[in-house]
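Residue-level listing of the chains:
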Amino acid sequence: MLRIALTGGIACGKSVSAGLISEMGFDVIEADEIARDLMRPGSKVYRDVKRCFGPEVFGPEGDIDRKALGRVVMGNVERREKLNAIVHPHVIRKWEEWLDDRPKDMVAAVVVVPLLYEAGQGDGWDAVISLYADRTAQVARLAERGISAEEAAKWLAAQMKPGEKAKRADYVICNNGSLKELKIQIDRVMNRILEK
């Protein structure tokens, strides 16, 4: 079975691409979904986040407020590294278990990992696909999510540039256009990977 990683910067279309790849019949899992599950109340990650970041990142129901947590770590490298040290090892272990559990006759499975290179996980894949979008497209998509231009600039500054991720990847998909254009590129790249 081919193990494929899909990465890219914020608002480059990772989740949309994951959906399109899933529609092609491939199993897909998103690291962000794994992290969300790992942060459920009572879990080890939940307890460690609480110990490290305190009540300011928790909602009224006692669950982790991921947006508040994002704001706390966004402009602070030391805090971001602390959060990554808490979450990343567990997320990596979970996606490795998920890959190992795929049916033996499966052709390929895809793991969506936004912070693939930042987490030091760029090696060991049969293929890495990076989604690229220019800054204008990223800011416009973030605005659609209700994120101000100022906050978007902070998020973009805190992440590895999409162009840098593209340089390291085996395949690059440019997502500045329509959904139809994205789908054509995904079909082409997935077929190329399978042909190899």
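In what follows, the structure referred to is the one given above.
First things first, this report covers the structure right here in the doc. Remember, it's a predicted structure, so these values are computed and weren't measured experimentally.

What counts and how
- Residues numbered from 1 in each chain as written.
- Predicted model: local features only at pLDDT ≥ 70, side-chain atom pairs only at ≥ 80, totals over all residues.
- Heavy atoms only, no water.
- Helix = DSSP H or I, 4+ residues; strand = E, 2+ residues; numbered from the N terminus.
- Polar contact = N/O pair within 3.5 Å; in protein donor to acceptor, adjacent residues only side chain to side chain.
- Contact = heavy atoms within 4.5 Å.
- Phe/Tyr/Trp six-rings, centres within 6.5 Å; stacked < 30°, edge-to-face > 60°.
- Buried < 20%, exposed > 50% of the residue type's maximum accessible area, 1.4 Å probe, protein only.

### Re the side chain of Gln185
In step 1: Inspection of the secondary structure assignment puts Gln185 in helix α9 (residues 179-195).
In step 2: In terms of polar contacts, Gln185 uses its side chain to reach the backbone carbonyl oxygen of Cys174, at 2.7 Å.
In step 3: Beyond its immediate chain neighbours, meaning those up to four positions away, Gln185 contacts Ile173 and Cys174.

### Re the packing of aromatic side chains
In step 1: The final tally for this structure, using the stated rule, is 2 aromatic pairs.
In step 2: A ring pair is formed by Tyr46 and Phe58, whose centres lie 5.2 Å apart and whose planes are at 80°; its orientation type is edge-to-face. Remark: Phe58 occurs in the loop between α3 (44-53) and α4 (66-74) and Tyr46 occurs in helix α3; sequence separation between them is 12 residues. Like Phe58, Tyr46 is buried.
In step 3: With 6.0 Å between their ring centres and 40° between their planes, Trp95 and Trp125 make a pair best called tilted.

The analysis is restricted to geometry; functional conclusions fall outside its scope.
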